[in-house]
Amino acid sequence: MMHTRLGPEIGDWAGKLAMIRKLLYGLIGSGVQFHCHLCTELEKIGFKPSKGDPNLWMRDAGNHYEYVAKYIDGILIMSKESKAILDLLQKPKGPYDFKGVGSTEYYLGGDVKINYSRDSITELSFSSKTNV
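This one's a predicted model, so the numbers in the text were calculated from it and none came from an experiment.

A.B. asks: How would you summarise the overall build of the protein if you had to cite specific residues and measurements?
C.D. replies: When you go through the protein residue by residue, the secondary structure sums to 2 helices and 9 strands. For the protein, the succession of helices and strands along the chain, N to C, is β-β-α-β-β-β-β-α-β-β-β. Put simply, the protein has 132 residues, and 26% of those count as buried. A sequence separation of at least 24 residues applies to 21% of the contacts in the protein between residues at least 6 apart. As presented, the protein carries roughly 10,000 Å² of accessible surface, and 56% of it is formed by carbon and sulfur atoms.

Pasting the structure below:
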């Protein structure tokens, strides 16, 4: 939550204190708030944070492990049932309204390719798109 004093453009409400009850993109604490909120939501559906990276979550799905990786305000779901996890997090069942949902082709400077011939879910190869 954030508090602010309303400006003259508001008319009769100018000078009054307002409380904003929505996560706002770009505020100093927005990233921390999103991280905390996502952690709570992932715990509700059985994910646990990895010991090595607080932005990598995992859960045992019986015959495989499922992973959710977070980077700033985006997530990458790695599972045989990615859609089921997304459905739990995305509206109407979950709290989020994700944009740009689909198969991952490019993530953190690397091309993502599904590799079914090995026991890995994905392969990450860095391409010329990377600006270093």
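A.B. asks: Any details on the sheet that holds strand E5 (residues 65-71)? Residues and values, ideally.
C.D. replies: Across the sheet, which stays open at both edges, the 4 strands sit in the order E3-E4-E5-E6 with antiparallel pairing between neighbours. At either end of the open sheet lies a strand with only one pairing partner, and these are strand E3 (48-49) and strand E6 (74-78). Bridge count between E5 and E6: 5 bridges; the pairing is antiparallel. Within the sheet, the bridge partner assigned to Tyr 67 lies in E6 and is Met 78. Each of strand E4 (56-60), E5 and E6 touches helix H1 (residues 30-44); the most contacted strand, E5, lies at about 170 degrees to it.

A.B. asks: I'd like to hear about the side chain of Glu 66, residue by residue, with values.
C.D. replies: Looking at where Glu 66 falls in the secondary structure, it is placed in strand E5. One polar contact links Glu 66 to Arg 59, side chain to side chain, over a distance of 2.5 Å. Within the structure, the side chain of Glu 66 is placed 2.8 Å from the side chain of Ser 79, a separation counted as a polar contact. In contact with Glu 66, not counting residues within four places along its chain, are Phe 47, Trp 57, Met 58, Arg 59, Ala 61, Met 78, Ser 79, Glu 81 and Ile 85.

A.B. asks: With reference to specific residues and values, describe helix H2 (residues 82-89).
C.D. replies: What H2 keeps buried is the set Ile 85, Leu 86 and Leu 89. All buried residues of H2 project into a common sector of 100 degrees when viewed along the axis, lining one side. Considering only its buried residues, H2 is in contact with H1, E4, E5 and E6.

A.B. asks: Got a sec to walk through the pattern of salt bridges? Specific residues and values, please.
C.D. replies: Under the counting rule described, the total for this entry stands at 3 salt bridges. For Arg 59, the salt bridge is made with Glu 66, and the minimal N-O distance between the two is 2.5 Å. Note that Lys 83 is salt-bridged to Asp 87, the shortest N-O span being 2.9 Å. Residue Lys 83 and its partner Asp 87 are located together in helix H2, separated by 4 residues, close to a single helical turn.

A.B. asks: Which residues make up the pairing of E4, and what are the values?
C.D. replies: Judged by which residues are buried, E4 turns out to be one-sided: Trp 57 and Arg 59 face inward and are buried, whereas Leu 56, Met 58 and Asp 60, on the alternate face, are not. Here E3 pairs with E4 via 2 bridges, running antiparallel. Each bridged residue has a counterpart across the sheet, and for Lys 48 the counterpart in E4 is Met 58. If you look at the hairpin formed by E3 and E4, you'll find 6 residues sitting between the two strands. Bridge count between E4 and E5: 5 bridges; the pairing is antiparallel. By the bridge assignment for E5, Leu 56 is matched with Ala 69. The hairpin turn running from E4 into E5, its antiparallel successor, is 4 residues long, and Gly 62 in that turn takes a positive phi close to 95 degrees.

So, how was this worked out
Numbers given to residues run from 1 along each chain, matching the order in which its sequence is written. Only residues with pLDDT of at least 70 get local features here, since the model is predicted, and only at 80 or more are side-chain atom pairs given and counted; chain-wide, interface and lining totals rely on the full set of residues. The side-chain values count all of the structure's non-hydrogen atoms but skip hydrogen atoms and water molecules. Secondary structure follows DSSP: runs of H or I at least 4 residues long count as helices, runs of E at least 2 residues long count as strands, and numbering of each begins at the N terminus. Between buried and exposed lies partly exposed: a residue is buried under 20% and exposed over 50% of the maximum accessible area for its type, with that area taken using a 1.4 Å probe on protein chains only. Two residues form a contact once any of their heavy atoms are found within 4.5 Å. Only the protein chains shown count as covering a residue, and every accessible area follows the Shrake-Rupley method with a 1.4 Å probe. Strand pairing is assigned whenever DSSP detects at least two bridges linking the two strands. Between N-to-C directions, angles cover 0 to 180 degrees, with each direction set by a line fitted to C-alpha atoms, over the stretch in contact for helices. Whenever two N or O atoms come within 3.5 Å, that pair is a polar contact, provided that in protein one can donate a hydrogen and the other can accept it, and provided that, for residues adjacent in sequence, both atoms are side-chain atoms. The arc in question is the one spanned by the directions pointing from the helix axis to the C-beta atoms. Just to be clear on terms, a salt bridge is a Lys or Arg side-chain nitrogen sitting within 4 Å of an Asp or Glu carboxyl oxygen.

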